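Letter by letter, the chains look like this.
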Amino acid sequence: MGSDLAALLALIMAPAPLVQPAPLTLDAFEAVLARHDSATLALEEWCDMRRFASPARITAELLRSGAPPLPTDVPRQLELGPGETVAQRTVRLNCGDRALSIAWNWYVPDRLTPSMNAALAKTDIPFGKVAASLNFRRKAIATIAGPAANCPPGTISTHQAMLLLPDGRPLAYLVECYTAANLAP
């Protein structure tokens, strides 16, 4: 019994294992983005891993200016049908007081429900959360190290992607400029 007590005391007195902080590398950040069809869910995971805010909630701050013009090939890429139009939403995605990305989203309102369109127009809910019930998937077009055209200074990575509905129809074309705040301590 004495050796059992000694083993228990040794276990209790042993130093706690060190908890390794989430890696701060761009590769680790890109790996989190790659795991998700929704940038919102990826940023929530990253925000939680990095403990930027508790709870880790991503909000979409609507920006009324600064959107680049509609890229000329986007209507073709969105495979617009007769009478369909393209809407545009520019947002700053935040976690707590950190601006994690600036994003431009060109989407087809006719492929969303009326309540989804109202939420996009009037709330701080990110597109990915608003449209989540549509079960879209993400198709990467390009990832650029650093800023692409129109991205703000300090952009560490730019993503261009399409969101596709389960039947393959395009829902949205995205340009996302991820900020250095993602890697800051």
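Every value quoted in this text rests on a predicted model; they were computed, and no experiment measured them. (Residues numbered from 1 in each chain as written. Predicted model: local features only at pLDDT ≥ 70, side-chain atom pairs only at ≥ 80, totals over all residues. Heavy atoms only, no water.)

Undergrad: How do you make sense of the layout of surface pockets when you look at a structure like this?
TA: Empty space among the atoms becomes visible once a probe the size of a water molecule is rolled across them. Of the volumes computed, that of the largest pocket is approximately 160 Å³. What lines the largest pocket is a set of 15 residues, among which L33, A34, R138, A140 and H159 lie closest to the centre. Going through the elements one at a time, α2 (26-34), α3 (39-50), β4 (137-145) and β5 (155-164) are the ones with two or more residues in the lining of the largest pocket. Among the elements that make up the lining of the largest pocket, the one with the highest residue count is β4 (four residues). Grouping the amino acids of the lining of the largest pocket by side-chain chemistry returns eight nonpolar, five polar and two charged. (1 Å grid on protein atoms, 1.4 Å probe; cavity = no way out; pocket = protein on both sides within 12 Å on 5 of 7 lines; lining within 4 Å. Points joined across faces, edges and corners; volume = space filled by probe spheres on them. Helix = DSSP H or I, 4+ residues; strand = E, 2+ residues; numbered from the N terminus. Nonpolar A, V, L, I, M, F, W, Y, C, P; charged D, E, K, R; others polar.)

Undergrad: Hey, could you run me through the pairing of β5 in this one?
TA: For β5, the tally of buried residues reaches nine of 10 residues, placing the bulk of the element in the interior. Bridge count for β4 against β5 is eight bridges, and the pairing is antiparallel. Directly across from A145, in β5, lies its bridge partner S157. Between β5 and strand β6 (residues 170-179), which follow one another and run antiparallel, lie five residues, and G168 among them has a positive phi close to 95°. (Buried < 20%, exposed > 50% of the residue type's maximum accessible area, 1.4 Å probe, protein only. Pairing = 2+ DSSP bridges.)

Undergrad: Would you mind showing me how to read the pairing of strand β3 (residues 98-107) here?
TA: The element β3 is extensively covered by neighbouring structure, given that nine of its 10 residues are classed as buried. Bridge count between strand β2 (residues 87-95) and β3: nine bridges; the pairing is antiparallel. Paired with A87 across the two strands is Y107, which belongs to β3. Linking β2 back to β3 in an antiparallel pair, the connection comprises two residues, with G96 at a positive phi of about 60°.

Undergrad: I would appreciate a short explanation of the environment of V130 in the present structure.
TA: Tracing the backbone through its elements, the reader meets V130 in helix α6 (residues 127-130). Accessibility expressed as a relative area gives 12% for V130, which makes it buried. Sequence spacing of V130 and S115 is 15 residues, and the spatial spacing of their C-alpha atoms is 9.0 Å. Apart from the residues within four sequence positions on either side, V130 is in contact with M116, A119, L120 and I125. (Contact = heavy atoms within 4.5 Å.)

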